[in-house]
Protein chains: 2
Amino acid sequence: MGTGVARKISESTVRRLSLYLRFLEEFEEQGTETLSSEELARRGSTTAAQVRKDLSLFGSFGKRGLGYSVRELKSTLRRLLGLDRAWRVALIGAGRIGSALFAYGDFRRRGFTIVTVLDTDPDKIGARWGSVRIQDAEGLEEVLRRESVDIAILAVPVEEAQRVADRVVDAGVQAVLNFAPTQLHVPTEVALRDVSMSMELEALSFALTTGNGTGP
Amino acid sequence: MGTGVARKISESTVRRLSLYLRFLEEFEEQGTETLSSEELARRGSTTAAQVRKDLSLFGSFGKRGLGYSVRELKSTLRRLLGLDRAWRVALIGAGRIGSALFAYGDFRRRGFTIVTVLDTDPDKIGARWGSVRIQDAEGLEEVLRRESVDIAILAVPVEEAQRVADRVVDAGVQAVLNFAPTQLHVPTEVALRDVSMSMELEALSFALTTGNGTGP
DNA sequence: CTAATGTTGTGAACGATTTCACAAGCACGG
DNA sequence: CCGTGCTTGTGAAATCGTTCACAACATTAG
């Protein structure tokens, strides 16, 4: 029942909730109906206490002596993560990364629908990708408003990324997923994640160099 | 001088070191020669104390009253992160994501060279991508050994990801960057990063749903 | 109904990371 | 050469996240 409470949930907890959800889907496919925190922990390379603590931040979803109902916990996690609705996503940038993201099935599967694609390249504007037509990024604000976009995915060159982010924010979008290799600045009320593939490689380079592992 | 010391560096610190390096490159392009922890912190949405603490884990690189030399700190960070050498990378999976990653300029720029691309699709095997020829993933272990691959990037379907990871590990590769939407298991001595684009979107969904921001 | 078994939910202990606060050090001007 | 101003490097304190340990409770068997 704690969903309405204003509590600060850590980034690690949110990541783990996503993971738990995936694992629950796996277990469901295998026909498992009930699951203990111990089993969930084993699948996710974490501890049973961690699983229970994460969940307890939001309420009490298990049955003592039994564990968790896979079906129920799955639907609870979907609700907690806000995945019980369809999010309207704009993809900005129709280059290589943009097109790979567009085709990425995992997004759709999880309720993220790319409702519009934008680019500045005249050769691309107007082209059809599946059921969407590439829009001119010139009219970005108008398009994002008209399409009631919730989340913008930025797959634009690094030089343009901050400028595009500013425009996206101006258009009232509250969440941005950035694939350009830079750290963007947005107002605090806008949610932002920078995905930096090079930084992931650099973390591996560091691990190889120092002999430190990367995992927990 | 503390580079040889076996100290446990946190994931957050490593991520920030990568960020600092990028910022230093930006500042260098603008002709800045000297930088205070305060300025670096502002660019990276962190605090000056955090910057100094991060750096102090490895040694003492600044001048009191003056700040840091951009050139020197940049080269120090490159060395700390292991970017003062060329890493040999194998790209496994020549689908949409694989091809986007292959073309991703930021990797090359940072010393990661994709020396081989592998796939199982007979239509792709043998094709040239720039200067590399797509190899048959059948002979994965042999290719990775022959090419002295340091890091493997997995851009394969989720069903195959764990199996491919196992083979990559068998071939002696010590670091894996996984783009398949699953959490892989590898021996502790192998460095692994799972990049989950859907999980990033889910974090945004959570932020939008709860009103929590995502940033610090 | 009672006992035995198993697993949750959670306060408390622990550990890690971040922030604070300030002495120490360097550059510059007078 | 000394004082002023600025910035680092770093212990100490505060905060945040994880692990421990166990009472509370559900289920099942007898």
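It should be emphasised that the depicted structure is a prediction, and the values quoted were computed from it without experimental measurement.

Draft legend 1. Seen up close, helix α8 (residues 158-170) of chain B. Residues and elements named next belong to chain B. Taking 1.5 Å as the rise per residue, α8 with 13 residues should run 18 Å; its terminal C-alpha atoms sit 19 Å apart, in good agreement. Those residues of α8 not exposed but buried are Ala161, Val164, Ala165, Val168 and Val169. Next to the buried residues of α8 lie β3 (87-92), α7 (140-146), β7 (151-154) and β8 (175-178). Two residues or fewer past α8, Gly172 is found with a positive phi of approximately 90°.

Draft legend 2. The arrangement of the relation of the copies chain A and chain B in detail. Mapping chain A onto chain B calls for a screw motion: a turn of 179° about the axis and a shift of 0.0 Å along it, with 0.1 Å RMSD after fitting. Taken together, the rotation and translation describe the operation of a two-fold axis. Relative to the rotation axis, the C-alpha of Ala100(A) is the closest in chain A, positioned 3.3 Å from it.

Draft legend 3. Geometry of the side chain of Arg110(A). Topologically, Arg110(A) is positioned in the loop between α6 (105-109) and β4 (112-119). At 2.9 Å, the side chain of Arg110(A) forms a polar contact with the side chain of Glu25(A).

Draft legend 4. Structural context of the domain arrangement of chain A. Here chain A is described as being made up of domain 1 (2-80) and domain 2 (87-199). If you average the C-alpha positions of domain 1 of chain A and of domain 2 of chain A, the two centres end up 31 Å apart.

Draft legend 5. Spatial organisation of the packing of aromatic side chains. Residue and element names in this part refer to chain A. One pass over the structure, following the stated rule, counts six aromatic pairs over all chains. Taking 4.9 Å as the distance between ring centres and 80° as the angle between the ring planes, the aromatic pair formed by Tyr104 and Phe107 counts as edge-to-face. An identical accessibility class is assigned to Tyr104 and Phe107; each is buried. Over the ring of Trp87 we find Arg85; its NZ or CZ atom is 3.7 Å from the centre of that ring.

Draft legend 6. Molecular detail of the interface of chain A and chain B. Each partner contributes residues to the interface: chain A has 64 residues there, and chain B has 64 residues. Both sides of the chain A and chain B interface together cover about 5800 Å² of buried area, and 64% of this is carbon and sulfur. Contact with chain B buries area across many residues of chain A, yet Leu201(A), Glu202(A) and Phe206(A) alone supply 12% of it, more than any other trio. Summed over the shared surface of chain A and chain B, the number is five salt bridges. Of all elements in the fold, only α1 (11-29), α2 (37-43), α5 (96-103), α6, β7 (151-154), β8 (175-178), β9 (191-194) and α9 (197-210) of chain A reach the threshold of two or more residues within the side of chain A that touches chain B. Among the elements that make up the side of chain A that touches chain B, the one with the highest residue count is α9(A) (13 residues). The residue inventory of the side of chain A that touches chain B, partitioned by class, reads 34 nonpolar, 15 polar and 15 charged.

Draft legend 7. Molecular detail of the pairing of strand β6 (residues 132-136) of chain A. Residue and element names in this part refer to chain A. Sheet topology places β4 next to β6; three bridges connect them, and they run parallel. Note that in β6 the partner of Val117 across the bridge is Ile134. Relative to β6, strand β5 (residues 128-129) runs antiparallel, the two being bridged by two bridges. Its bridge partner lying in β6, Arg128 is registered against Arg133. What sits between β5 and β6 in their antiparallel hairpin is a turn of two residues, with Gly130 showing a positive phi close to 55°.

Draft legend 8. Geometry of the protein's contact with DNA strand D. Residues in close proximity to DNA strand D total 24 residues, the closest being Ser10(A), Ser37(B), Arg52(B), Ser60(B) and Tyr68(B). Backbone atoms, meaning sugar and phosphate, form 65% of the atoms of DNA strand D found within 4 Å of the protein. Within the backbone of Gly62(B), one N or O atom sits 2.9 Å away from a phosphate oxygen of DNA strand D. Residue composition of the surface near DNA strand D, by class: four nonpolar, 11 polar and nine charged.

Draft legend 9. Focus on the pattern of salt bridges. Here the structure, examined in full by the defined rule, presents 31 salt bridges over all chains. Between Arg193(B) and Glu200(A) there is a salt bridge; the shortest N-O distance is 2.7 Å. Residue Arg193(B) is found in strand β9 (residues 191-194), and its partner Glu200(A) is found in helix α9; the two belong to separate chains. Here Arg193(B) falls in the buried class, since its relative accessible area comes to 12%. Salt-bridge contacts for Arg16(B) lead to Asp54(B); the nearest nitrogen and oxygen are separated by 2.6 Å. Within this pair, whereas Arg16(B) is found in helix α1 (residues 11-29), its partner Asp54(B) is found in helix α3 (residues 48-56), the two being separated by 38 residues in sequence.

Draft legend 10. Main features of the protein's contact with DNA strand C. Close to DNA strand C lie 26 residues; Ser37(A), Arg52(A), Ser60(A), Gly62(A) and Tyr68(A) are nearest. When the atoms of DNA strand C within 4 Å of the protein are grouped by moiety, sugar and phosphate amount to 60% of the total. Separating a phosphate oxygen of DNA strand C from a backbone N or O atom of Gly62(A) is a distance of 2.9 Å. In this structure, Gly65(A) approaches DNA strand C through a main-chain N or O atom, which is 2.9 Å from a sugar or linking oxygen. Listed by contribution, the elements that provide at least two residues to the surface near DNA strand C are α3 (48-56) of chain A together with α1 and α3 of chain B. Of the residues forming the surface near DNA strand C, the biggest block, four residues, is contributed by α3(B). Across the surface near DNA strand C, the residue classes tally to five nonpolar, 12 polar and nine charged.

Basis of the calculations
- Sequence positions are assigned chain by chain, starting from 1 and proceeding in written order.
- Whichever chain is written first is A, and whichever ligand is written first is 1; the rest continue in order.
- The model is predicted, so local features are restricted to residues of pLDDT at least 70 and side-chain atom pairs to those at 80 or more, both for listing and for counting; the totals for chains, interfaces and linings are taken over all residues.
- Side-chain metrics rest on all non-hydrogen atoms present in the structure, leaving aside hydrogens and water.
- A run of DSSP states H or I qualifies as a helix once it reaches four residues; a run of E qualifies as a strand once it reaches two. Both are numbered from the N-terminal end.
- Under the convention used throughout, the expected extent of a helix is 1.5 Å for every residue step, that is, one less than its residue count.
- Each residue gets one of three labels from its accessible area relative to the maximum for its type: buried under 20%, exposed over 50%, partly exposed in between, using a 1.4 Å probe on protein chains only.
- By definition in these notes, contact holds between two residues if any of their heavy atoms fall within 4.5 Å.
- Alignment of copies: least-squares fit on C-alpha atoms of residues with pLDDT of at least 70 in both copies.
- Polar contacts, as used here, are pairs of N or O atoms within 3.5 Å; protein pairs need one atom able to donate a hydrogen and one able to accept it. Residues neighboring in sequence count only if both atoms are side-chain atoms.
- Here the limits of each domain have been adopted from an automatic or database domain assignment.
- Aromatic rings from Phe, Tyr and Trp, with only the six-membered ring used for Trp, were paired whenever their centres fell within 6.5 Å, and each pair was classed as stacked if the ring planes differed by under 30 degrees, edge-to-face if by over 60, and tilted otherwise.
- Lysine and arginine charges are scored as sitting over a ring when NZ or CZ, respectively, is within 6 Å of the ring centre and within 35 degrees of the ring normal.
- Values labelled buried area give the accessible surface lost by two parts on being combined, using a 1.4 Å probe and summing over both.
- We define a salt bridge as a side-chain nitrogen of Lys or Arg found within 4 Å of a carboxyl oxygen belonging to Asp or Glu.
- Side-chain classes are defined by residue name, with Ala, Val, Leu, Ile, Met, Phe, Trp, Tyr, Cys and Pro counting as nonpolar, Asp, Glu, Lys and Arg as charged, and the others, Gly among them, as polar.
- In this analysis, strands are considered paired if DSSP registers two or more bridges between them.
- We call a residue near a molecule or strand when any one of its heavy atoms sits within 4 Å of it.

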